Amino acid sequence: MSDRRTPDDAPDQPSYPLPDPATIGSEHPDVTGGWLRPAVFGASDGLVSNFALIMGMAGGTTDPKPVILAGFAGLAAGAFSMAVGEYTSVASQAEFARAEVERESREIARHDRAEQAELASMFVAKGVDEDVAREVAQQIHSDPENAVRVHAREEFGVDLTDLPSPMLAAGSSFLSFAVGAIIPLVPLLFGIVSVVPTVTVSLLALFGVGAVVTAITDRPWWFGGLRQLILGGAAAGLTFLVGSLVGGVAV
Ligand SMILES: [Zn+2]
């Protein structure tokens, strides 16, 4: 027998009221970064990829028309590609989760007692006494649907009511990439065909994106900004070089 305190130790104390389960954890900030993280990284992808694409084109031709055309094609192609990739990834993850839950549900239907013992052992591992753990497991298993839900959570951390939406993930990747990719195009939209404003605007935006990323890390903002500026600038510079080489040979 353990010497832990049980409610019988304090018979005069009224038991503390249970909080609404929906409110538990709501006082913690989303430690995964929530929407900010994918949005910022999507925008950064769009910015780096389209800045580099435009510079590559500008390295190969002095005609502004194909540069502008490539910039918009790059925005559309990149945003669609991000959306398709994100949709496929989130959808297949959800399908995998559903298949695993289905498998667990069959296991529980077939071997209820073994699954009950398995659940009890997980509670014991969390510090619950064996007799209490067995009783809790038995109560959970009195409703098979509930049993499946609890097993899915405890065994592989899946909550079928809380799966991310593939459409939402695809839509937000599309938007964030497009927002980043439009930035190097802004001077061209205003009819400024020189490459200097595109470079200036893009480098400033790279610094901004890098600085924003540090909001979810513990690096200083100027470090994140400079790092992103150097990496994105190098990508664009190298693509400019490729464009110059290919443009000199092939066009
Ligand atoms: Zn199980």
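Residues numbered from 1 in each chain as written. Predicted model: local features only at pLDDT ≥ 70, side-chain atom pairs only at ≥ 80, totals over all residues. Heavy atoms only, no water.

Q: Can you walk me through the confidence of the model for the chain in this structure?
A: Detailed reading of the predicted coordinates is not advisable wherever pLDDT falls low. Confidence in the prediction for the chain averages 88 pLDDT; 90% of positions are at 70 or higher. When pLDDT is averaged over each element of the chain, helix α4 (residues 130-141) comes out on top at 95 and helix α7 (residues 186-189) at the bottom at 88. (pLDDT = per-residue confidence, 0-100. Helix = DSSP H or I, 4+ residues; strand = E, 2+ residues; numbered from the N terminus.)

Q: Would you mind showing me how to read the packing of aromatic side chains here?
A: Centre distance and the angle of the planes are the two values used to describe a pair of aromatic rings. All told, the structure shown has 3 aromatic pairs when counted by the stated rule. Ring geometry for F207 against W221: centres 6.1 Å apart, planes inclined by 85°, an arrangement best described as edge-to-face. A residue pair is termed long-range when its members are at least 10 positions apart, and F207 in helix α8 (residues 195-213) and W221 in helix α9 (residues 221-250) qualify at 14 residues. Plain terms: the ring middles of W222 and F223 are 6.4 Å apart, the flat faces sit at 80° to each other, and that makes the pair edge-to-face. On the basis of relative accessibility, which here comes to 45%, the residue W222 falls in the partly exposed class. Look at F223 and you get partly exposed, because its relative accessible area is 26%. (Phe/Tyr/Trp six-rings, centres within 6.5 Å; stacked < 30°, edge-to-face > 60°. Buried < 20%, exposed > 50% of the residue type's maximum accessible area, 1.4 Å probe, protein only.)

Q: Please clarify how the environment of A215 should be interpreted in this entry.
A: With respect to the secondary-structure elements, A215 resides in the loop between α8 and α9. Look at A215 and you get exposed, because its relative accessible area is 62%. As for A215 and L36, which are separated by 179 residues in sequence, their C-alpha atoms are 9.6 Å apart.

Q: What exactly am I supposed to notice about a nonpolar patch on the surface here?
A: A grouping of F72, V186, L189, F190 and I192 is seen on the molecular surface, where their side chains present a nonpolar patch of about 470 Å² in accessible area. Within the secondary structure layout, V186 lies in helix α7. On the accessibility criterion, V186 (30% relative accessible area) is partly exposed. (Patch = residues over 30% accessible without salt bridge, like charges linked within 9 Å, V, L, I, M, F, W, Y side chains within 5 Å. Areas by Shrake-Rupley, 256 points an atom, 1.4 Å probe, with all protein chains shown as cover. Salt bridge = Lys/Arg side-chain N within 4 Å of Asp/Glu carboxyl O.)

Q: So what exactly am I meant to see when it comes to the packing of helix α2 (residues 64-110) against helix α3 (residues 112-125) here?
A: Between α2 and α3, the least distance of the axes is 5 Å, while the angle of their chain directions is 115°. Considered as vectors, α2 and α3 are oriented roughly perpendicular to each other. For the pair α2 and α3, the contacting residues are E104, E107, I108 and R110 in the first and D112, E115 and E118 in the second. Taken together, the residues that form the contact of α2 with α3 break down as 1 nonpolar, no polar and 6 charged. (Axes fitted to C-alpha atoms, helices over the stretch in contact; angles between N-to-C directions. Parallel < 35°, antiparallel > 145°, perpendicular 65-115°, else oblique. Contact = heavy atoms within 4.5 Å. Nonpolar A, V, L, I, M, F, W, Y, C, P; charged D, E, K, R; others polar.)

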